[in-house]
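# A look at the structure
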Amino acid sequence: SDASTFTGVDTIALTTTYGTDPFIVTFDEYDGEGTYIAFKNILLSGSSTTAVFLIDDVTLAEIPSCDAPTGTTFVPTYNSVNIQWNNMTEGSYNVYYKADTDSVYISIENVSISDDSYTISDLEPTTTYNFYISTICDDGSESVSEVYTFTTLCTPYPTPFSENFSAGTLPACWEKASGLASD
């Protein structure tokens, strides 16, 4: 389509490197009939060249009718994580998680609205995971939290425990202290 017929909805001034920070542009004030969305790169202030920018993971969705979970906290163990959030007043929750190296999230659906926590079990020790929570609104829309990251702890050693260091290497999750007289 002809770019001159487009209506500006928002301007985002990129003054630094933003990494993976999301930008949310709402179309709630737009009352046109256009069926295209365009991204326009403009000249940098005081420059005769345009900035280079990359766009990834564009999502076009209805604005959810309820809020995303807030106040999220989490406490990992060696094989689980307990996630807590501020309880919402409608719908239910979905919890999504994955190992940081995986590309697909595992979903736990329809966590009761009366719950404000969930424990994910059977995780691998000393592994980094990502998770997010979504509120499923009464009208079926979904409001998603930010993505959180945690690392599970080391596997605990049974007691009594003895280590003679005869292997010449430290056991998993151990590290050599520096600055000691015997160092």
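Description of the structure in this document. This is a predicted model, so every value here is computed, not measured. Per-chain numbering applies: the sequence of each chain, read as written, is numbered from 1 onward. Totals for whole chains, interfaces and linings use all residues, but because this is a predicted model, local features are given only for residues with pLDDT of at least 70 and pairs of side-chain atoms are given and counted only at 80 or more. Where side-chain values are given, they derive from all heavy atoms of the structure, hydrogens and water being excluded.

Two strands form a pair only when DSSP identifies at least two bridges running between them. Numbering goes from the N terminus for both helices and strands, where a helix is a DSSP run of H or I of at least four residues and a strand is a run of E of at least two. The 3 strands are arranged β1-β2-β5 in an open sheet whose pairing can be described as antiparallel. Edge strands, defined here as strands with exactly one partner in the open sheet, are β1 (73-76) and β5 (117-120). Mean inter-strand twist for the sheet, computed between neighbouring axes without regard to direction, equals 15°. Bridge count for strand β2 (residues 81-84) against β5 is 4 bridges, and the pairing is antiparallel. Its bridge partner lying in β5, Gln84 is registered against Ser117. Only the stretch in contact is used when a helix axis is fitted, and all axes are lines through C-alpha atoms; the angle between N-to-C directions ranges over 0 to 180 degrees.

A few words now on the pairing of β2. With burial as the criterion, only one face of β2 is covered, namely that bearing Val81 and Ile83; the residues Asn82 and Gln84 on the opposite face remain uncovered. With 4 bridges connecting them, β1 and β2 associate as antiparallel partners. What sits directly across from Pro76, in β2, is Val81. The hairpin formed by β1 and β2 contains 4 residues between the paired strands. Think of it in three bands: residues with accessible area under 20% of the maximum for their type are buried, residues over 50% are exposed, and the middle band is partly exposed, with areas taken using a 1.4 Å probe on protein chains only.

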